[in-house]
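Topology and contacts: notes
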Amino acid sequence: MATMMAIIKASRSKGLTIVEKEVPETLNDHEVLIEVLSASLCGTDVHIYEWDPWAANRLNPPLTVGHEFSGRVVKVGPKVDRVKVDDIVSSETHIVCGQCEFCRTGRGHICQNTQIIGVDRDGCFAEFIRMPESNLIIDKSGVDPKFLSVLEPLGNAVHTMLHFDISCKTVAVVGCGPIGLMGINVAKAVGAKKVIAIEVNPFRMNLARELGADLVINPRDTDVIQAVLKETNGLGVDVVAEFSGNKKAIEQSFKYIKKGGHMSLLGIASEKIEIDISTDVVFKGITIYGVTGRKMYENWDQVSALLESKKIRLDKIVTHVISMKDYEEAFKIMASGNSGKVVLIP
């Protein structure tokens, strides 16, 4: 059997390990073998690296990690008919059952039997990965493959930003990590009237401005509620897109969302959130939406259209490109907060 380099979670402890393992060349009828061209780091990978309680309760090592990638198709199963050898692809990372109530009613993004690559089965921090044909997104944009690994989190941003109509609306983007930055880019690309970004990290505040944020607020030196209300003539924003997971930031957003406004929540809070349901939800008449994954495959169609429009600045969102063997450096850069997306090249 041919072998490849892979980064694995070898044991139930902190850290990752580079190993040589067999290329997964044996394919089922509808599976595809992909040569990985790029892979990008995600907060989930940090949880796995650190072996925090979430990772300890979810993973069963040994396992190849990583779930965001782009690649070239090198082999197809006998019944594959949608993709072909040499296609450049990115991938939906949730492998769903297709049989549960949610899958059968068009809500596969909340499939009760979801398996995530790099979490529940071998992932993409390797030279090759095996994937179901149905998960693959064929690139037609001609974008450099080193950027295409970030389409999965871009899909999260699209899901968050476009669940509600933001065209000609005022939008608050709360938290300008990589997905929040993508959210700013998406909002400007689809014609949001004004984008207010809320972020504490100076590096990411600057990126937010470069991606088109009309106002960037640092809550460490500015009263966010007063600043947003001042900027919106006292009415508040039409839509809140929450990416931070920060308790205070989430609680404040209920104070500056407009009556009848809409809120999309993607950030994962580590603390209980306290809100005045009567005053800030019921009497305001707001709508709250929890975002998980990407709508399959509506959000992917939107991602593809945005890429082909040339309005998405992946060159701004990807700030570091590093050899996969230097993954330790990549994790340090990401942990510093002074980065957008960090991409690994096998």
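Calculation notes
Residues numbered from 1 in each chain as written. Predicted model: local features only at pLDDT ≥ 70, side-chain atom pairs only at ≥ 80, totals over all residues. Heavy atoms only, no water. Core = buried A, V, L, I, M, F, W, Y, C linked by side-chain atoms within 4.5 Å. Buried < 20%, exposed > 50% of the residue type's maximum accessible area, 1.4 Å probe, protein only. Contact = heavy atoms within 4.5 Å. Phe/Tyr/Trp six-rings, centres within 6.5 Å; stacked < 30°, edge-to-face > 60°. Helix = DSSP H or I, 4+ residues; strand = E, 2+ residues; numbered from the N terminus. Pairing = 2+ DSSP bridges. Axes fitted to C-alpha atoms, helices over the stretch in contact; angles between N-to-C directions.

Attention shifts here to the nonpolar core. Judged by nonpolar contacts, the single largest core of 45 residues is most densely connected at Leu 151, Leu 154, Met 161, Ile 184, Ala 208, Ile 312 and Leu 314. When near neighbours in sequence (up to four residues on either side) are disregarded, Leu 314 contacts Val 143, Phe 147, Val 150, Leu 151, Leu 154 and Leu 307. Counting residues in hydrophobic clusters, the runner-up holds 38 residues, among them Leu 59, Val 119, Ile 129 and Phe 331.

This structure, assessed with the given rule, holds three aromatic pairs. Relative to Phe 331, the ring of Tyr 49 has its centre 4.8 Å away and its plane inclined at 25°; by these criteria the two rings are stacked. Placement of Tyr 49 in helix α1 (residues 43-50) and of Phe 331 in helix α13 (residues 327-336) is noted, with a sequence separation of 282 residues between them. Taken as a pair, Tyr 49 and Phe 331 share a single burial class, namely buried. Taking 6.4 Å as the distance between ring centres and 85° as the angle between the ring planes, the aromatic pair formed by Phe 164 and Tyr 289 counts as edge-to-face. Linking Phe 164 in the loop between α5 (151-162) and β11 (170-174) with Tyr 289 in strand β16 (residues 287-290), this pair joins segments that are 125 residues apart in sequence. According to the relative accessible area criterion, Phe 164 is buried, its value standing at 11%.

Right, let's get into the sheet that holds strand β12 (residues 194-198). The six strands are arranged β13-β12-β11-β14-β15-β16 in an open sheet whose pairing can be described as parallel. Two strands close off the open sheet at either side, each with one partner strand: β13 (215-217) and β16. Along the sheet, successive strands turn relative to each other by an average axial angle of 15°, direction set aside. Both β12 and β13 contribute to a ladder of three bridges, which runs parallel. Residue pairing across strands places Ile 198 opposite Ile 217, the latter belonging to β13. Along the sheet face, helix α9 (residues 247-256) touches β11, β12, β14 (237-242), β15 (257-265) and β16 and points at about 150° away from the line of β15.

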